[in-house]
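# Inside the fold
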Amino acid sequence: MQDPGSNPRRFSLSRYHPAAQWVLLLMVSLALAWIFETVHLPAAILLGAMLASIPVAIAEGVPRIPRQAFVVAQGVVGCLVARSITPAILVSLREDWLLFLSVTIIVILACSGMGWLLAKKQVLPGTTAVWGSSPGGASVMTLMSDSYGGDMRLVAVMQYMRVVLVTLLATVISRLWIDTPGETVAAGLHANWLTSVDWKHLAGTLLLAGVGSTVAQRLKLPGGALLLPLFLGSYLQAEGLMTIVLPPWVLVPTYTVIGWSVGLRFTRPALSQAARALPSMIMSIICLIAICGAIAFVLTHVSHIDPLTAYLATSPGGLDSVAIIATSSGVNIPFVMAFQTARLLIVVVTGPMLAQFIARRLQATP
């Protein structure tokens, strides 16, 4: 007997062999990632995998990512963030720590206020709105939201929409400010996969990512699968005890696994909710960009740096996309990366507390 709630006209992948569904998912993911990288879109691999997997999930496809693969992928992302914390950034942070801390707190408070407003207006659920508005790395905030009660799907939509808008605006500004077109260097489909690799350091990196994320999962540390490798990797690299090595053929599968893990969780109601919230999301992102632009304007007069450096330093986009633009724009790269790194680390530490605080305040409000 046919299910009365079923729609015979609705397309379903369940009638096709699972292997064919996996091949379709892989091919569409690669095609989208290639297009996104060709137009220099940030996080092209992850976005391609996520957008390709959403229709598969909606069409009742069988592909699913094993939990352990998702956990290890988070560990690799933690090592990737740790790799960006270089000695030059640490020196810059030490010299201007008060300036970094003040501006970072202002940006975090502004973003948290935006998240509170979205939650209060019931555009997004409480903690989901907070994590979606958090100004840290998009992949980091998306993964952490899953451990702290947020809807990772909606957080991913908001975070990566902001990354795209911020990056497009930053790219336009950098192109208008300087005449050199710049080169985009990223670990993706267009990267050089045949570069020589230090296998000893690579083995240490993979060991840290795999063991660190697995131990954190067994200990049930919230967000630990990403945070434990991040903090351990940062410390070991700063002490000169290890060099984090992540070639493209490690990062591309990692981004793909994370993108699929997010996209395959989508359902028709979740997709409808994201569509309804889209105008409010875009408006909040524009407000955040304007606030950070105002902070950058003040920063140019306080620290006497050029406007482009100030804009990239305070930009609420992803750390990786800002790094790519900064390296091709002739700005003060240590200053920019110090700001972005400091903000990411502070958000990682304070994000859970802010999310829980705002959620409690919303529950207490009649």
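Before reading on, note that the structure itself is shown above.
Throughout what follows, the structure given in this document is the object of discussion. (Residues numbered from 1 in each chain as written. Predicted model: local features only at pLDDT ≥ 70, side-chain atom pairs only at ≥ 80, totals over all residues. Heavy atoms only, no water.)

Each helix and strand counted, the protein chain has 15 helices and zero strands in total. Counted over contacts in the protein chain with a minimum sequence separation of 6, partners at least 24 positions apart contribute 78%. (Helix = DSSP H or I, 4+ residues; strand = E, 2+ residues; numbered from the N terminus. Contact = heavy atoms within 4.5 Å.)

For Glu 60, which is not a glycine, the phi torsion comes out positive at approximately 65 degrees. Among the structural elements, Glu 60 can be located in the loop between α2 (44-58) and α3 (67-84).

Our next topic: the side chain of Thr 309. Following the sequence through the fold, Thr 309 ends up in helix α13 (residues 307-314). Judged by its relative accessible area of 0%, Thr 309 falls in the buried class. The contacts of Thr 309, once residues within four sequence positions are left out, are Val 331, Asn 332, Phe 335 and Val 336. (Buried < 20%, exposed > 50% of the residue type's maximum accessible area, 1.4 Å probe, protein only.)

Let us now look at the environment of Cys 287. Within the secondary structure, Cys 287 sits in helix α12 (residues 268-302). Separated by 177 residues in sequence, Cys 287 and Ala 110 have C-alpha atoms that sit 9.6 Å apart.

Another point: the packing of aromatic side chains. This structure, assessed with the given rule, holds three aromatic pairs. For the pair Trp 22 and Trp 260, a centre-to-centre distance of 5.8 Å together with 65 degrees between the ring planes defines the contact as edge-to-face. Highlighted residues: Trp 22 in helix α1 (residues 18-38) and Trp 260 in helix α11 (residues 248-263), separated in sequence by 238 residues. Pairing Trp 199 with Trp 249 gives two aromatic rings, centres 5.8 Å apart and planes at 35 degrees, and the pair type is tilted. Of this pair, Trp 199 sits in helix α9 (residues 199-218) while Trp 249 is found in helix α11, placing the two residues 50 residues apart along the sequence. (Phe/Tyr/Trp six-rings, centres within 6.5 Å; stacked < 30°, edge-to-face > 60°.)

The next thing to look at is the side chain of Thr 104. The topology assignment puts Thr 104 in helix α5 (residues 97-120). Judged by relative accessible area, which is 2%, Thr 104 ranks as buried. Not counting residues up to four positions away in its chain, the partners in contact with Thr 104 are Phe 339, Ala 342, Arg 343 and Ile 346.

Okay, α1 next. Helix length check: α1, at 21 residues, gives a terminal C-alpha distance of 30 Å against a target of 30 Å (1.5 Å per residue), a fit within 8%. The complete set of buried residues in α1 reads Gln 21, Leu 25, Ser 29, Ala 33, Phe 36 and Glu 37. Taken end-on, α1 shows its buried residues confined to a sector of 120 degrees, consistent with a single buried face. Looking at the packing, one finds that the buried side of α1 touches α2 and α11. Downstream of α1 by one or two residues, His 40 has phi in the positive range, about 60 degrees. (Expected span 1.5 Å × (residues − 1). Arc of directions from axis to C-beta.)

Time to look at the nonpolar core. If you look at soluble globular proteins, the nonpolar side chains tend to sit buried side by side. The biggest cluster of nonpolar side chains holds 80 residues, and the ones touching the most others in it are Leu 124, Val 140, Met 141, Met 144, Leu 246 and Leu 312. Of the residues forming this core, the biggest block, 12 residues, is contributed by helix α8 (residues 152-177). Ignoring sequence-local partners within four residues, the contact set of Met 144 consists of Trp 131, Leu 227, Val 348 and Pro 352. In terms of nonpolar packing, the next biggest core, distinct from the first, is built from 21 residues, Ile 89, Phe 100, Ala 310 and Ala 338 among them. (Core = buried A, V, L, I, M, F, W, Y, C linked by side-chain atoms within 4.5 Å.)

Here we come to the packing of α9 against helix α10 (residues 224-238). For any two helices packed against each other, one specifies the crossing angle of their axes together with the interaxial distance. Close contact between α9 and α10 brings their axes to 7 Å; oriented N to C, the two are set at 130 degrees. By the angle between their directions, the pair α9 and α10 is classed as oblique. The handedness of the crossing between α9 and α10 comes out as right-handed. Every residue of α10 that contacts α9 at Leu 208, Ala 209, Gly 212, Ser 213, Val 215 and Ala 216 is listed here: Gly 224, Ala 225, Leu 228, Pro 229, Leu 232 and Gly 233. (Axes fitted to C-alpha atoms, helices over the stretch in contact; angles between N-to-C directions. Parallel < 35°, antiparallel > 145°, perpendicular 65-115°, else oblique. Left-handed = near helix turned anticlockwise from the far one by under 90°.)

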